Amino acid sequence: MSNIRLENITKTFKDTVAMSDVSFSIKDGEFFVLLGPTGAGKTTTLRVIAGLEKQNQGHVYFDGELSDELPPAERDVAFVFQQYSLYPGMSVFDNLAFPLRSPLRNVPEPEIKQRIQGAAEKLRITHLLERKTAKLSGGEMQRVSIGRAIVREPRVFLMDEPLSNLDAKLRESLRVELKHIQSTQNSTTVFVTHDQIEALTMADRIAVLHGGNILQIGTPFDIYDRPATTIVAQLVGTPKINLFMAHRHNGSLQVVDSPLTLPTPIGDIPEAVLLGVRPENVKIAADGQYTGQAALIEPLGVETIIHIRVGDQTIVSIVPGASPVRLGDTVRFDVPGEHLHLFEPTSKLRI
Amino acid sequence: MATIELKQVEKKFGESFAVKPLDMTINSGEFVVLLGPSGCGKTTTLRMISGLEAVTSGNILFDGKDVTWLHPSARDIAFVFQFFALYSHLSARENIAFPLQAQGVGRDEIKKRVMEVAQMLKIEHVLNARPGSLSGGDQQRVALARALVRRPAAFLMDEPLGALDAEFRESMRAEIKRLHIDQHATSVYVTHDQVEAMAMGDRIVVMSNAEVQQAATPMEVYHSPANLFVARFIGSPGMNLIEGKYANGIVHLPGDNQYFVPESWRNVLNSSLPGDGKVVVGFRPEAVDVHTDGQLHSTTFANDLHGGYTMLHLQLDPDHIVHVRAGREMRYQLNDTVHFDVKPDMVRFFHPETEKALQNGKV
């Protein structure tokens, strides 16, 4: 396995900047997720690591060695794509064996067999080995694609939205299995996704990309609990974080268009701030300090989302299980000060 | 607003059923969601209600009046599709006014009603724009406005949020529900997204294989699923469903686990299981208490942060993983042993062959 370092990488396509001065290091054995919306530069980053794109500026290092001139084949990376790209006429076994039988590697047949058996067990596809891939379901095909990467025992796995084509239930279960496999074999993995739940649940560390820039790198806890910008704050978490403009007033933060006043945290706080609070931190309580009207109730079974109208603003709360609150009820709630996120309104950066 | 009744409505394509004979009443002002995976018959059902698809047999009634063979335009319904289906060469205002012009409504009345719905949907500022220059969310708002402006007897919506990005979907979901609360229009809404169904529906009709699996409130569907399909389909992840063997008050589960059946269920299990005692035990991820003297034991397969909480994935044996919702700081090392209990009031049992839920009077 392997560590990777990107140093001040810039990549442009004609007038478009796909990556702008991007730097990060991925540790040996780490599950590293690149998270961002479409067009953020995630896939380009993956392709620069693979050597499929040449950066305009900056350097790529594998295990500390400058690798800019290394052709893709010699970087020893394995790709898993959203599309399965298996050979339909071949059996699952032959698909898995294909990269190992290439003249470049020429792995002896007994070892091929051994590696395939190991990978097939991990991915629960042993019973499919003799089947033609054209006869497989989407979930099975993606397992085989991942298996084909595993048998190669590469230095690094590069995965580009490998779960996006699967339906919700399959995505959920494959996500858990992939995470388990990665943590048992400690493979260095770079995983691209636009799905915040995939990023939070699978990553050791997440890099949030937006418009070719890295906004934040950190553990899932860092990203969720201390988002560096409002974009990061809004990108992770469902329901979305509540975000209001607020002004300092008599030692409190007064939310605009609303009677909500929150205690000003200690420190150097500007006159105007963007104030964020996650829905699970809007605590409904009989003796709550604030009052609003239940404008909408969304019962999800496991929890209930309550939209509370306060003045001209709506603050969203999420509570476990079913809620006794009914539409139109007066709701009392608290917003504990330690759960406030403050951002500078112009730069949108965390204060 | 209309009450919609379906009486033994069925649809066949050749020999195969798209919808098996179906009885359903949608009350005036109710928001009913047709939920299921693709190919389950939900969209065909909606299209039969609208008249876009002819029934093979059966009757459809609006307010007691048989409309089975009435042309869609004569049924007084409005349709909202996944794809916005707006006229690209007309402004948002002209798009919204279009159905009223077709009905021959007077100019002043059109102007008034367009402004009313535009205010309701907060799209006054985009009325002069062409659809192509609007965001996905605003395009869908214009499509909704065009449906609302007619004041139809019923709204039929076919995955209206399906084409939107995740960030818009969440807020549009709330807007449509809020709109329904204000208007109380009879609404039939098709989706494959169980979260949407739970959040929006007064009632959910779960469909699979051309048949209704369960029609009930979101809470009933979630807590008392009628069968294994519904138990699995609703929830993220779905209900934990583990097959075991029942004898003398105990279900023997994989991984050498013994589950002591709550007293209130024993008579039901004694009387309704097949001879070999096979039974499926079901419980939701939040129905689990993790603690050191828990009667069930497992090893840690994975644990992951979902933002506000942690999901533990625990292995009873290599083929049986249980998903457990836990506090966000709870973390175990891979292969650590974890003990847990299932909250007695949140356990469910299913017949392994019929796949139906066993009924306990006390639940």
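Quantities reported herein were computed from a predicted structural model and do not represent experimental measurements.

Q: Any chance you could explain the overall build of chain B here in plain terms?
A: Secondary structure assignment for chain B yields nine helices and 20 strands. Referenced to the eigenvectors of the C-alpha coordinate spread, the extents of chain B come out at roughly 75 × 45 × 35 Å. In chain B, which comprises 363 residues, the proportion classed as buried is 44%. Once local pairs closer than 6 in sequence are excluded, the contacts in chain B between residues at least 24 apart make up 65%.

Q: Even after reading the chapter, I still don't get the interface of chain B and chain A, so can you show me in this structure?
A: Note on interface size: it is often stated as the accessible area lost on association of the parts. Contacts between the two partners involve 27 residues from chain B and, on the opposite side, 31 residues from chain A. Elements that contribute at least two residues to the side of chain B that touches chain A include exactly helix H5 (166-183), helix H6 (194-200), helix H7 (218-223) and strand S16 (296-305) of chain B. No other element matches H5(B), which puts five residues into the side of chain B that touches chain A. The residue inventory of the side of chain B that touches chain A, partitioned by class, reads 14 nonpolar, seven polar and six charged.

Q: Would you mind going over the pairing of strand S2 (residues 16-26) of chain A with me for this structure?
A: Remember that side chains alternate between the two faces of the sheet whenever the strand is regular. All names here are of chain A. With seven bridges joining them, strand S1 (residues 4-13) and S2 adopt antiparallel strand pairing. The residue of S2 that forms the bridge with Lys11 is Met19. Linkage of S1 to S2, two consecutive antiparallel strands, is achieved through a turn of two residues, within which Lys14 is found at a positive phi near 50 degrees.

Q: Hey, could you run me through the sheet that holds strand S10 (residues 211-216) of chain B in this one?
A: Two pairing modes exist for strands in a sheet, parallel and antiparallel, and in both the strands are linked by backbone hydrogen bonds. Residues and elements named next belong to chain B. The six strands are arranged S6-S7-S8-S3-S9-S10 in an open sheet whose pairing can be described as mixed. Here the strands that pair on one side only, and so sit at the sheet edges, are strand S6 (77-80) and S10. Here the strands of the sheet are splayed against their neighbours by 15 degrees on average, with no regard to which way each runs.

Q: In this structure, what is going on with the environment of A:Ala134? I would like to understand it.
A: You can see A:Ala134 is positioned in the loop between helix H4 (109-123) and helix H5 (138-151). Sequence-wise, A:Ala134 and A:Pro88 are 46 residues apart; in three dimensions their C-alpha atoms are separated by 4.8 Å.

Q: Help me understand the confidence of the model for chain B, please; the structure alone is not making it clear to me.
A: Chain-level pLDDT for chain B is 93 on average; 99% of the residues reach the 70-or-more range. For this predicted complex, the interface confidence score (ipTM) comes to 0.90, while the overall pTM stands at 0.91.

Q: Looking at this structure, I do not really get the pairing of strand S3 (residues 31-35) of chain B. What am I missing?
A: Residues and elements named next belong to chain B. With five of its five residues buried, S3 lies for the most part within the structure. Side-chain alternation along S3 places Phe31, Val33 and Leu35 on one buried face and Val32 and Leu34 on a second face that is also buried. Bridging between S3 and strand S8 (residues 186-191) involves five bridges; their strand directions are parallel. Along S8, the bridge assignment pairs Leu34 with Val190. Bridge count for S3 against strand S9 (residues 203-208) is four bridges, and the pairing is parallel. When the sheet's bridge partners are listed, Leu35 is paired in S9 with Val206.

Q: Would you explain helix H1 (residues 42-50) of chain A in this entry?
A: Three or four residues apart is the spacing at which side chains of an α-helix point the same way, because the helix has 3.6 residues per turn. Residue and element names in this part refer to chain A. Of all nine residues making up H1, eight are buried, and the element is well covered by its neighbours. Along H1, the positions that sit buried rather than exposed are Lys42, Thr43, Thr44, Thr45, Leu46, Arg47, Val48 and Ile49. A positive backbone phi angle near 85 degrees is found at Gly51, which sits one or two residues after H1.

Q: Got a minute to help me understand unusual backbone geometry in this structure?
A: Backbone phi values are negative for most residues with the exception of glycine, while trans is the configuration of most peptide bonds. A cis amide bond links A:Thr238 with the next residue in sequence, A:Pro239, at an omega value of -10 degrees. With respect to the secondary-structure elements, A:Pro239 resides in the loop between helix H9 (230-235) and strand S11 (242-249). Cis geometry is found at the peptide bond from B:Ser236 to B:Pro237, where omega equals -5 degrees. Relative to the helices and strands, B:Pro237 is located in the loop between helix H8 (228-233) and strand S11 (240-247). Despite not being glycine, A:Asp21 has its phi angle at roughly 50 degrees, a positive value. Look at A:Asp21 and you get partly exposed, because 14 C-beta atoms sit within 10 Å. Its identity as a non-glycine residue notwithstanding, B:His184 has a phi of 55 degrees, on the positive side. Take B:His184: it is sitting in the loop between H5 and S8. Its 12 C-beta neighbours within 10 Å are what place B:His184 among the exposed residues.

Q: Mind showing me how you'd approach the nonpolar core here?
A: Note that soluble globular proteins tend to have their nonpolar side chains buried in a common cluster. By size, the foremost hydrophobic cluster in this structure holds 190 residues, and its most contacted members are A:Val33, A:Leu158 and B:Ala145. Once residues within four sequence positions are removed from consideration, A:Leu158 is found in contact with A:Leu46, A:Ile49, A:Ala50, A:Val77, A:Ala78, A:Phe79 and A:Val190.

Q: I keep staring at the packing of helix H3 (residues 92-101) of chain A against H4(A) and nothing clicks. Help me out?
A: Two packed helices can be described by the angle between their axes and the distance between those axes. Residues and elements named next belong to chain A. Relative to each other, H3 and H4 sit at 130 degrees, their axes nearing to 10 Å. Accordingly, the angle class assigned to the pair H3 and H4 is oblique. Every pair of crossing elements has a handedness; the one defined by H3 and H4 is right-handed. On the side of H3, the interface is formed by Phe93, Leu96, Ala97, Leu100 and Arg101, while H4 contributes Ile112, Arg115, Ile116 and Ala119.

The rules behind each value
Counting starts from 1 at the beginning of each chain's written sequence and moves along it residue by residue. Chains and ligands are labelled by the order in which they are written, letters from A for the one and numbers from 1 for the other. Only residues with pLDDT of at least 70 get local features here, since the model is predicted, and only at 80 or more are side-chain atom pairs given and counted; chain-wide, interface and lining totals rely on the full set of residues. A run of DSSP states H or I qualifies as a helix once it reaches four residues; a run of E qualifies as a strand once it reaches two. Both are numbered from the N-terminal end. To assign burial, the other C-beta atoms lying within 10 Å of each residue's own C-beta are counted, with C-beta atoms placed from the backbone; 20 or more indicates buried, 12 or fewer indicates exposed, and intermediate counts indicate partly exposed. Contact between two residues is assigned when their C-beta atoms, built from the backbone, lie within 7 Å. Three classes are used: nonpolar for Ala, Val, Leu, Ile, Met, Phe, Trp, Tyr, Cys and Pro, charged for Asp, Glu, Lys and Arg, and polar for all others, with Gly counted as polar. Strand pairing requires that DSSP identify at least two bridges connecting the strands. The angle between two axes is taken between their N-to-C directions and runs from 0 to 180 degrees, where each axis is a line fitted to C-alpha atoms and a helix contributes only its stretch in contact. What pLDDT conveys is the predictor's confidence in a given residue, as a value from 0 to 100. For our purposes the nonpolar core covers buried Ala, Val, Leu, Ile, Met, Phe, Trp, Tyr and Cys residues that link as a set through C-beta atoms within 7 Å. Angle categories are assigned with fixed cut-offs, so that under 35 degrees is roughly parallel, over 145 is roughly antiparallel, 65 to 115 is roughly perpendicular, and the rest are oblique. Each crossing gets its hand from how the near helix is turned against the far one by less than a right angle, where anticlockwise is left-handed and clockwise is right-handed.

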